[in-house]
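As a plain string of letters, each chain reads:
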Amino acid sequence: MRVGAIDCGTNSIRLLIADTREEQGRDVLEDVVREMRVVRLGQGVDATGWLAEAALERTFAATDEYARLLKEHDVEQLRFVATSATRDAGNRDVFLAGIRERLGVTPEVINGDEEAELSFRGASAAVGGTDPEDRVLVIDLGGGSTEFVLGNSQGVRAERSVDIGCVRLTERHLGSNPPTPEQQEAVLRDVDHAVDVVLQTVPLAEATHLVGVAGTITTVTAHALGLPDYDPAAIDGAELPAERIAQACRELTGMTRAERAALPYMHEGRVDVIGGGALVWRRIVERVGAATGGRVDSAIASEHDILDGIALSQVD
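What you see is a predicted model; the values in this text were computed from it and never measured.

**Student:** A description of empty space enclosed by the protein should follow, citing residues and the corresponding values.
**Tutor:** Across all of its chains, the model carries 2 cavities of 30 Å³ or more by this definition. A volume near 50 Å³ is recorded for the largest cavity. Thr10, Gly42, Val45, Asp46, Ala85, Asp88, Gly144, Val167, Arg168 and Glu171 are the residues that line the largest cavity. When residues in the lining of the largest cavity are grouped by element, the largest group, 3 residues, is from helix H6 (residues 166–173). Here the second largest cavity is characterised by a volume of approximately 40 Å³. Around the second largest cavity sit Ile217, Val220, Thr221, Leu240, Ile245, Trp281, Ala299, Ile300 and Ala301, which together line it. Looking at the lining of the second largest cavity, the elements with two or more residues in it are helix H8 (215–225) and strand E11 (298–302). For the lining of the second largest cavity, the class distribution of residues is 8 nonpolar, 1 polar and no charged.

Written as structure tokens, this is what we have:
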């Protein structure tokens with residue numbers, strides 16, 4: 001079956017068109033089209049509680065493009081999922097009606113737990129192993145929220161969504177480029193508080209592997225690897241030691257906007273928020289290492305995430 005999946009988050013809206021098949025007893029995807037547009041749907045939502053008119057226009061324009069691709073590739077089934085920014089917006093009905101008009105499907109505004117489960121399903125293949133004793137911790141670092149999901153080959157064991165996305169914390173705390181030490185500390189305090197909340201329900205100490213997904217983490221990985229351009233094949237499955245991740249994060253946060261924009265692997269839509277995202281990722285890696293007593297001292301980047309999970313959910 002040919003399926004379509006759309007993930008509309010705080011910073012970007014992404015499309016996956018894929019053919020599904022069964023392989024060795026599990027469902028797998030073969031990509032036909034994979035697209036991303038940075039539309040900043042959540043611009044200002046943390047402060048105002050409303051989706052801005054300009055942000056809606058950008059998102060609707062991208063959706064019109066996706067509608068043409070879905071028709072061109074004869075997609076049989078489509079699922080549209082909206083996450084953090086839409087959950088938080090008082091005028092989300094305007095957004096939902098606009099998407100329904102353009103695509104003919106009702107968007108699903110999912111809660112943090114379902115977002116976490118879909119992210120785990122899409123990302124957990126990055127580890128490759130199927131040992132039931134393994135505990136994979138998947139971190140999906142988005143624009144408005146970050147999901148912590150612990151599971152193994154049998155499925156999700158525990159999950160928690162917290163509001164520490166790269167857009168949200170950039171808008172809340174980072175007023176200069178590069179941010180001041182005081183601004184950076186404010187972000188790190190928010191991350192520490194969020195991780196403390198996560199620890200109430202997700203036993204991070206049980207993790208045996210750490211997998212990170214979404215644009216902040218893949219961009220940090222590209223920087224740490226020194227890639228000449230954004231290369232998904234080189235990023236997907238790349239495992240880096242915690243020290244190298246921390247160094248890459250500090251470098252990105254410490255750059256001016258012009259320096260970040262000049263990086264060959266930097267998407268233009270991430271230039272303004274990668275510093276905040278890098279602060280979040282750096283602290284999460286540190287906290288996971290501490291929670292596991294240093295046993296988890298590296299992280300794996302995955303190009304497969306909630307978008308793949310949305311696609312796979314249609315063949316259940």
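**Student:** Which residues make up the sheet that holds strand E8 (residues 155–162), and what are the values?
**Tutor:** Strand order across the open sheet formed by 6 strands is E8-E7-E6-E9-E11-E10, with mixed pairing between neighbours. Each edge of the open sheet carries a strand with a single partner, namely E8 and strand E10 (239–241). Mean inter-strand twist for the sheet, computed between neighbouring axes without regard to direction, equals 25 degrees. As paired strands, strand E9 (residues 209–213) and E11 are joined by 3 bridges and run parallel to one another.

Each value, and the rule that gives it
Residues numbered from 1 in each chain as written. Predicted model: local features only at pLDDT ≥ 70, side-chain atom pairs only at ≥ 80, totals over all residues. Heavy atoms only, no water. 1 Å grid on protein atoms, 1.4 Å probe; cavity = no way out; pocket = protein on both sides within 12 Å on 5 of 7 lines; lining within 4 Å. Points joined across faces, edges and corners; volume = space filled by probe spheres on them. Helix = DSSP H or I, 4+ residues; strand = E, 2+ residues; numbered from the N terminus. Nonpolar A, V, L, I, M, F, W, Y, C, P; charged D, E, K, R; others polar. Pairing = 2+ DSSP bridges. Axes fitted to C-alpha atoms, helices over the stretch in contact; angles between N-to-C directions.

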